[in-house]
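Letter by letter, the chains look like this.
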Amino acid sequence: VQTISLSKSSMDKGEVDGYPIWKAAMFMKAAIHIIENKRNEAIIIYDEVANEAVKSQDAFYIMEGYRMSGYLLYEKGEKQNAFEHFLLSLAGGSYLPDRVRRESTFLYSAYMAMLVGEDVRSPKELEALKGQLEIWLGTDWEQLVFNPKTAKASVRRKGSIFSF
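All residue numbers here refer to positions counted from 1 along the written sequence of the relevant chain. In view of the model being predicted, local features appear only for residues whose pLDDT reaches at least 70, and side-chain atom pairs are presented and counted only at 80 or more, with totals across whole chains, interfaces and linings using the full set of residues. Side-chain metrics rest on all non-hydrogen atoms present in the structure, leaving aside hydrogens and water.

Novice: What's the story with the pattern of salt bridges in this structure? I'm lost.
Specialist: Two side chains with opposite charge may pair up if their charged atoms get near one another. Definition used for salt bridges: Asp or Glu carboxyl oxygen within 4 Å of a side-chain nitrogen of Lys or Arg. Under the defined criterion, the tally for this structure stands at 13 salt bridges. The residue glutamate 75 makes a salt bridge to arginine 39 at a minimum N-O spacing of 3.2 Å. In this pair, glutamate 75 sits in helix H4 (residues 59–75) while arginine 39 sits in helix H3 (residues 39–55), placing the two residues 36 residues apart along the sequence. Taken individually, glutamate 75 and arginine 39 each receive the classification buried, so the pair is uniform in this respect. Where helices and strands are cited, they refer to DSSP runs of H or I of at least four residues and of E of at least two residues respectively, numbered from the N terminus. With a 1.4 Å probe rolled over the protein chains alone, any residue whose accessible area is under 20% of its type maximum counts as buried; one over 50% counts as exposed, and the rest are partly exposed.

And the structure:
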(Lines give C-alpha, C1' and ligand atoms only; values in the text may rest on other atoms or scores of the structure.)
Protein backbone atom coordinates (compact mmCIF):
# COMPACT_ATOMS: atom_id res chain seq x y z
CA VAL A 1 0.00 0.00 0.00
CA GLN A 2 2.85 2.35 0.84
CA THR A 3 4.50 1.70 -2.53
CA ILE A 4 1.24 2.51 -4.28
CA SER A 5 0.71 5.78 -2.42
CA LEU A 6 4.34 6.89 -2.86
CA SER A 7 4.39 6.05 -6.55
CA LYS A 8 1.00 7.73 -7.05
CA SER A 9 2.40 10.83 -5.38
CA SER A 10 5.37 10.70 -7.77
CA MET A 11 2.96 10.40 -10.69
CA ASP A 12 0.98 13.41 -9.49
CA LYS A 13 4.22 15.41 -9.37
CA GLY A 14 5.04 14.38 -12.94
CA GLU A 15 8.05 12.27 -11.96
CA VAL A 16 8.87 9.68 -14.62
CA ASP A 17 9.48 6.80 -12.21
CA GLY A 18 6.05 7.00 -10.56
CA TYR A 19 3.86 5.34 -13.20
CA PRO A 20 5.99 2.22 -13.86
CA ILE A 21 6.24 1.45 -10.15
CA TRP A 22 2.56 2.23 -9.54
CA LYS A 23 1.23 -0.04 -12.29
CA ALA A 24 3.40 -2.96 -11.16
CA ALA A 25 2.34 -2.50 -7.54
CA MET A 26 -1.32 -2.25 -8.56
CA PHE A 27 -1.10 -5.50 -10.53
CA MET A 28 0.43 -7.16 -7.46
CA LYS A 29 -2.36 -5.81 -5.28
CA ALA A 30 -4.97 -7.13 -7.72
CA ALA A 31 -3.29 -10.56 -7.69
CA ILE A 32 -3.47 -10.58 -3.90
CA HIS A 33 -7.17 -9.77 -4.09
CA ILE A 34 -7.64 -12.71 -6.45
CA ILE A 35 -5.84 -15.01 -3.98
CA GLU A 36 -8.16 -13.72 -1.25
CA ASN A 37 -11.15 -14.39 -3.54
CA LYS A 38 -11.96 -10.66 -3.74
CA ARG A 39 -12.69 -10.58 -7.48
CA ASN A 40 -14.66 -7.33 -7.44
CA GLU A 41 -11.77 -5.46 -5.81
CA ALA A 42 -9.34 -6.91 -8.36
CA ILE A 43 -11.59 -5.83 -11.24
CA ILE A 44 -11.67 -2.27 -9.90
CA ILE A 45 -7.87 -2.22 -9.69
CA TYR A 46 -7.36 -3.63 -13.19
CA ASP A 47 -9.80 -1.07 -14.60
CA GLU A 48 -8.01 1.71 -12.73
CA VAL A 49 -4.67 0.62 -14.19
CA ALA A 50 -6.18 0.48 -17.68
CA ASN A 51 -7.63 3.98 -17.29
CA GLU A 52 -4.32 5.36 -16.05
CA ALA A 53 -2.57 3.55 -18.92
CA VAL A 54 -4.80 5.46 -21.35
CA LYS A 55 -3.57 8.74 -19.84
CA SER A 56 0.03 7.49 -20.08
CA GLN A 57 -0.44 6.17 -23.63
CA ASP A 58 0.68 2.72 -22.44
CA ALA A 59 -0.98 0.41 -24.95
CA PHE A 60 0.28 -2.78 -23.32
CA TYR A 61 -1.21 -2.01 -19.90
CA ILE A 62 -4.45 -0.79 -21.46
CA MET A 63 -4.66 -4.21 -23.07
CA GLU A 64 -3.62 -6.11 -19.95
CA GLY A 65 -5.80 -4.21 -17.50
CA TYR A 66 -8.95 -4.69 -19.53
CA ARG A 67 -8.02 -8.28 -20.38
CA MET A 68 -7.68 -9.21 -16.72
CA SER A 69 -10.92 -7.42 -15.81
CA GLY A 70 -12.65 -9.16 -18.68
CA TYR A 71 -11.48 -12.55 -17.55
CA LEU A 72 -12.63 -11.99 -13.97
CA LEU A 73 -15.98 -10.69 -15.19
CA TYR A 74 -16.31 -13.77 -17.38
CA GLU A 75 -15.61 -15.98 -14.36
CA LYS A 76 -18.39 -14.16 -12.50
CA GLY A 77 -20.79 -14.87 -15.36
CA GLU A 78 -21.06 -11.21 -16.43
CA LYS A 79 -20.65 -12.02 -20.10
CA GLN A 80 -21.83 -8.72 -21.58
CA ASN A 81 -19.49 -6.70 -19.37
CA ALA A 82 -16.68 -9.20 -19.99
CA PHE A 83 -17.17 -8.92 -23.75
CA GLU A 84 -16.95 -5.12 -23.57
CA HIS A 85 -13.74 -5.38 -21.53
CA PHE A 86 -12.20 -7.76 -24.07
CA LEU A 87 -13.08 -5.28 -26.82
CA LEU A 88 -11.42 -2.49 -24.83
CA SER A 89 -8.39 -4.74 -24.38
CA LEU A 90 -8.21 -5.29 -28.13
CA ALA A 91 -8.64 -1.58 -28.84
CA GLY A 92 -5.76 -0.76 -26.49
CA GLY A 93 -3.60 -3.54 -27.86
CA SER A 94 -4.24 -2.42 -31.42
CA TYR A 95 -1.67 0.35 -30.85
CA LEU A 96 1.07 -2.22 -30.28
CA PRO A 97 3.38 -3.19 -33.14
CA ASP A 98 2.11 -5.99 -35.39
CA ARG A 99 4.61 -8.52 -34.08
CA VAL A 100 3.66 -7.86 -30.46
CA ARG A 101 -0.05 -8.27 -31.26
CA ARG A 102 0.67 -11.59 -32.98
CA GLU A 103 2.83 -12.91 -30.10
CA SER A 104 1.14 -11.61 -26.96
CA THR A 105 -1.96 -11.86 -24.82
CA PHE A 106 -3.67 -9.82 -27.53
CA LEU A 107 -4.49 -13.23 -29.00
CA TYR A 108 -6.11 -14.31 -25.74
CA SER A 109 -8.26 -11.18 -25.69
CA ALA A 110 -9.28 -11.91 -29.28
CA TYR A 111 -10.12 -15.52 -28.42
CA MET A 112 -12.19 -14.50 -25.40
CA ALA A 113 -13.97 -11.73 -27.33
CA MET A 114 -14.98 -14.25 -29.98
CA LEU A 115 -15.96 -16.90 -27.41
CA VAL A 116 -18.02 -14.58 -25.23
CA GLY A 117 -19.29 -12.68 -28.26
CA GLU A 118 -21.03 -15.83 -29.49
CA ASP A 119 -23.21 -15.65 -26.37
CA VAL A 120 -23.93 -11.91 -26.33
CA ARG A 121 -23.87 -10.84 -29.98
CA SER A 122 -25.50 -11.97 -33.19
CA PRO A 123 -23.43 -13.72 -35.87
CA LYS A 124 -23.81 -10.61 -38.04
CA GLU A 125 -22.38 -8.40 -35.28
CA LEU A 126 -19.43 -10.78 -34.82
CA GLU A 127 -18.58 -10.38 -38.50
CA ALA A 128 -17.45 -6.82 -37.74
CA LEU A 129 -15.12 -8.12 -35.02
CA LYS A 130 -13.75 -10.78 -37.38
CA GLY A 131 -13.03 -8.11 -39.97
CA GLN A 132 -11.24 -5.98 -37.41
CA LEU A 133 -9.17 -8.95 -36.20
CA GLU A 134 -8.08 -9.54 -39.79
CA ILE A 135 -6.93 -5.92 -40.01
CA TRP A 136 -5.06 -6.14 -36.69
CA LEU A 137 -3.59 -9.64 -37.07
CA GLY A 138 -3.58 -10.45 -40.78
CA THR A 139 -5.40 -12.93 -42.96
CA ASP A 140 -4.22 -15.82 -40.77
CA TRP A 141 -5.91 -14.37 -37.68
CA GLU A 142 -8.12 -17.42 -37.17
CA GLN A 143 -5.09 -19.73 -37.07
CA LEU A 144 -3.47 -17.47 -34.48
CA VAL A 145 -6.56 -17.00 -32.32
CA PHE A 146 -7.99 -20.51 -32.59
CA ASN A 147 -4.79 -22.53 -32.63
CA PRO A 148 -4.97 -26.14 -31.38
CA LYS A 149 -3.34 -25.27 -28.05
CA THR A 150 -6.00 -22.63 -27.41
CA ALA A 151 -8.81 -24.97 -28.43
CA LYS A 152 -7.65 -27.60 -25.91
CA ALA A 153 -7.20 -25.10 -23.10
CA SER A 154 -9.83 -24.74 -20.44
CA VAL A 155 -11.06 -21.17 -20.17
CA ARG A 156 -12.08 -21.48 -16.54
CA ARG A 157 -9.61 -22.52 -13.89
CA LYS A 158 -10.28 -25.67 -11.92
CA GLY A 159 -8.56 -24.27 -8.84
CA SER A 160 -6.60 -21.30 -7.63
CA ILE A 161 -3.99 -19.97 -10.04
CA PHE A 162 -1.73 -19.83 -7.02
CA SER A 163 -2.08 -23.43 -5.82
CA PHE A 164 1.04 -25.53 -6.23
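Novice: I tried to follow the nonpolar core on my own but got confused; where do I start?
Specialist: Counting 47 residues, the largest nonpolar core has Tyr46, Leu90, Leu129, Leu133 and Leu137 as its most contacted members. At the level of secondary structure, the elements contributing two or more residues to this core comprise helix H1 (2–12), helix H2 (18–35), H3, H4, helix H5 (79–93), helix H7 (106–120), helix H8 (123–137) and helix H9 (141–145). With 10 residues, the top contributor of residues to this core is H4. The contact definition used throughout considers only heavy atoms, calling two residues in contact when any of these lie within 4.5 Å. Tyrosine 46 has contacts with Phe27, Ala30, Ala31, Ile34, Gly65, Met68, Ser69 and Leu72, leaving out every residue within four places of it along the chain. Note on terminology: a nonpolar core comprises buried Ala, Val, Leu, Ile, Met, Phe, Trp, Tyr and Cys residues joined through side-chain atoms within 4.5 Å.

Novice: Explain H5 to me, please; I cannot follow it from the model alone.
Specialist: Working note: α-helix, 3.6 residues per turn, so residues spaced by three or four point in the same direction. Taking 1.5 Å per residue, 15 residues should reach 21 Å; H5 reaches 21 Å between its end C-alpha atoms and fits that length. Those residues of H5 that fall on the buried side of the exposure criterion are Ala82, Phe83, His85, Phe86, Ser89, Leu90, Gly92 and Gly93. At its buried positions, H5 is contacted by H3, H4, helix H6 (98–102), H7 and H8. Expected span of a helix: the number of residues minus one, times 1.5 Å.

Novice: I would appreciate a short explanation of the packing of aromatic side chains in the present structure.
Specialist: How two aromatic rings sit relative to each other is given by the distance of their centres and the angle of their planes. Only centres within 6.5 Å qualify two rings of Phe, Tyr or Trp (six-membered ring in Trp) as a pair; their planes then separate them into stacked at under 30 degrees, edge-to-face at over 60, and tilted for everything else. This structure, assessed with the given rule, holds 8 aromatic pairs. Relative to tyrosine 46, the ring of phenylalanine 27 lies with its centre 4.9 Å away and its plane at 75°, an arrangement referred to as edge-to-face. Placement of phenylalanine 27 in helix H2 and of tyrosine 46 in helix H3 is noted, with a sequence separation of 19 residues between them. Across the pair, exposure class does not vary: phenylalanine 27 and tyrosine 46 are buried alike. Plain terms: the ring middles of tyrosine 71 and tyrosine 108 are 6.4 Å apart, the flat faces sit at 55° to each other, and that makes the pair tilted. A residue pair is termed long-range when its members are at least 10 positions apart, and tyrosine 71 in helix H4 and tyrosine 108 in helix H7 qualify at 37 residues. Exposure remark for tyrosine 108: the relative accessible area of 26% places this residue in the partly exposed category. Taken together through their ring pairs, the aromatic side chains of Phe27, Tyr46, Phe60 and Tyr61 make up a single cluster.

Novice: It is not clear to me how the side chain of aspartate 58 should be interpreted in this structure. Could you clarify?
Specialist: Take aspartate 58: it is sitting in the loop between H3 and H4. Any N or O atom pair separated by 3.5 Å or less is treated as a polar contact, with the protein-specific requirement of one donor-capable and one acceptor-capable atom, and with residues adjacent in sequence counted only for side-chain atom pairs. A distance of 2.7 Å separates the side chain of aspartate 58 from the side chain of tyrosine 19, its partner in a polar contact. Those residues in contact with aspartate 58 that lie beyond four places of it in its chain are Tyr19, Lys23 and Ala53.

No statement about biological role is implied by the geometric values presented.
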